[in-house]
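Architecture at a glance
Here is how the chains run, residue by residue.
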Amino acid sequence: MKLLTYTLKEHYEARLGFIHNNQVIDMEDFGEISNFPLPSSMLELIDMGYELVEELNDMVADTDPAFFKEIAYEFEEITFCAPIPKPRKNIIGIGLNYTEHVAESARTLDTTGKLPQKPIIFSKPPTTVTATNTEIIKNTKLTSQLDWEVELAVVIGKKGKYVPKADAMDHVFGYTVINDISARDCRREGQWIVSKGQDTFAPMGPILVTKDEIENPHNLNLSLKVNGVEKQNANTKFLLFNINDLIEDLSTVFTLEPGDIIATGTPSGVGAGRDPQEWLYDGDVIEATVEGIGTIVNTVKEI
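The structure contained in this document is the topic of the report that follows. (Residues numbered from 1 in each chain as written. Predicted model: local features only at pLDDT ≥ 70, side-chain atom pairs only at ≥ 80, totals over all residues. Heavy atoms only, no water.)

Things to note about the overall build of the protein
Secondary structure summary: the protein contains seven helices and 19 strands in total. Over its C-alpha atoms the protein spans a radius of gyration of 19 Å, differing by no more than 12% from the 19 Å that the globule rule assigns to 303 residues. Scored against the burial criterion, the 303 residues of the protein give a buried share of 54%. Long-range contacts, defined as pairs at least 24 residues apart, comprise 75% of the intrachain contacts of the protein with a sequence gap of at least 6. A total accessible area of about 13,500 Å² is found for the protein, and carbon and sulfur atoms account for 48% of it. Computed over 27 positive and 47 negative side-chain charges, the inter-centroid distance for the protein is 8 Å. (Helix = DSSP H or I, 4+ residues; strand = E, 2+ residues; numbered from the N terminus. Rg over C-alpha atoms; globule rule 2.2 N^0.38 Å. Buried < 20%, exposed > 50% of the residue type's maximum accessible area, 1.4 Å probe, protein only. Contact = heavy atoms within 4.5 Å. Areas by Shrake-Rupley, 256 points an atom, 1.4 Å probe, with all protein chains shown as cover. Lys, Arg positive; Asp, Glu negative; His and termini not counted. Charge placed at Lys NZ, Arg CZ, Asp CG, Glu CD.)

See the structure below:
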């Protein structure tokens, strides 16, 4: 399913929906016409278990198209929120997870250039999350080196500890897009959370695609443009540690729980790796795209 969190233009309450026949169908309303109680938020849906997605697909297929007219909205009528607007925990970030990005970081940042032997883990607080078509806040008192990083994000659907690689995909609920915005001059003694964790530094969306819709998450194109000019273009097949590797490793460190979000890392082409280096400024428009999911668009706002 293609799931989304949205608001109607005239209302502020976030709702859960899904895309069907190029329209947005409200999930809770669909439950009412189907006599099958359904949740109004993404986290509630994830908590109910991935098996529900299979049931929902069957229910949608069996529903008379006429019933959808009462609960359908055109895209022009809604505003996209982040799929999980308020994660329960920090987003789990993975650093230096594409070989070419390791090399470019070594040229311009204080990294060694050696390929990591284990995933490099950092985190982004829930307050970093923002939606497509919103502003990324550049606090000029904190940074003059604002950078971009398109990434495939994995959303966990099943609790797991010490998960073997072979079982890792059983714990995946779906996928979305994250732009891991980074203030390169805000790292402190090698620690990344000030660089990565400022408000609005995790644009996410536009939708959450359940895993049944993605045939192979390790063969997805991802790209990023700034003001219409392409800066990044790669494929998830070049991940140094793939999703199975990450789930196995992370679950040995801490328990993965439904609703957890893993940002799997960015390929080369970031501003810090360019010669000369490039940074984001007031009014710049960033488009981050992952094949099969969509594009998030954000504008930089300097304060």
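Things to note about the pattern of salt bridges
Within this structure, the stated rule accounts for 16 salt bridges. Here Asp-260 and Lys-89 are joined by a salt bridge, their closest N and O atoms 3.1 Å apart. With a gap of 171 residues between them, Asp-260 in the loop between helix 7 (243-253) and strand 17 (261-263) and Lys-89 in the loop between strand 5 (78-80) and strand 6 (91-95) connect regions that are remote in the sequence. Classification of Asp-260 as buried rests on a relative accessible area of 6%. In this structure, Asp-245 and Lys-165 form a salt bridge, with 3.2 Å as the shortest nitrogen-oxygen distance. A residue pair is termed long-range when its members are at least 10 positions apart, and Asp-245 in helix 7 and Lys-165 in the loop between strand 11 (150-156) and strand 12 (172-179) qualify at 80 residues. A residue is classified by how much of its surface remains accessible, and Asp-245, at 17% relative accessible area, is buried. Overlapping salt bridges, with partners in common, bring together Lys-124, Asp-147, Glu-149, Asp-180, Arg-184 and Lys-196 in one network. (Salt bridge = Lys/Arg side-chain N within 4 Å of Asp/Glu carboxyl O.)

Notes on the packing of aromatic side chains
In the structure shown here, the tally under the stated rule is six aromatic pairs. When the centroid spacing of 6.1 Å and the interplanar angle of 50° are considered together, the rings of Tyr-6 and Tyr-73 count as tilted. Residue Tyr-6 is located in strand 1 (residues 2-8), and its partner Tyr-73 is located in strand 4 (residues 72-73); the two are separated by 67 residues in the primary sequence. Here Tyr-50 and Phe-173 contribute two aromatic rings whose centre-to-centre distance is 5.9 Å and whose plane-to-plane angle is 85°, an arrangement assigned as edge-to-face. Remark: Phe-173 occurs in strand 12 and Tyr-50 occurs in the loop between helix 2 (42-47) and helix 3 (51-62); sequence separation between them is 123 residues. When its relative accessible area of 13% is taken as the criterion, Tyr-50 is described as buried. You can call Phe-173 buried: its relative accessible area is 0%. Ring pairs connect the aromatic residues Phe-18, Phe-30 and Phe-68, which therefore count as one cluster. A cation over an aromatic ring shows up here: Lys-161 above the ring of Tyr-162, its NZ or CZ 4.8 Å from the ring centre. In this arrangement the basic side chain of Lys-211 is found over the ring face of Tyr-50, its NZ or CZ atom lying 4.6 Å from the centre. (Phe/Tyr/Trp six-rings, centres within 6.5 Å; stacked < 30°, edge-to-face > 60°. Lys NZ or Arg CZ within 6 Å of the ring centre and 35° of its normal.)

As for the sheet that holds strand 15 (residues 221-226)
With respect to topology, five strands assemble into an open sheet ordered 9-19-18-15-16, the strand pairing being mixed. Looking along the sheet, the strands with just one partner apiece sit at the ends: strand 9 (134-138) and strand 16 (229-235). For this sheet the average axis-to-axis angle between neighbouring strands, irrespective of direction, equals 20°. Here six bridges tie strand 15 to strand 16, and the two strands are oriented antiparallel to one another. The residue bridging Val-226 from the neighbouring strand is Val-229, located in strand 16. (Pairing = 2+ DSSP bridges. Axes fitted to C-alpha atoms, helices over the stretch in contact; angles between N-to-C directions.)

A short note on the environment of Ala-234
Tracing the backbone through its elements, the reader meets Ala-234 in strand 16. Note on Ala-234: relative accessible area 16%, which makes it buried. Separated by 19 residues in sequence, Ala-234 and Glu-215 place their C-alpha atoms 18 Å apart. Look past the residues within four positions of Ala-234 in its chain and what remains in contact with it is Leu-220, Asn-221, Leu-222 and Pro-267.

With respect to the pairing of strand 2 (residues 15-20)
Note that strand 1 and strand 2 share four bridges and pair antiparallel. Considered in strand 2, the bridge of Thr-5 is made with Leu-16. Hairpin connection, strand 1 to strand 2: the antiparallel pair is bridged by six residues. Bridge count for strand 2 against strand 3 (residues 23-26) is four bridges, and the pairing is antiparallel. Counterpart to Gly-17 in the pairing with strand 3 is Asp-26.

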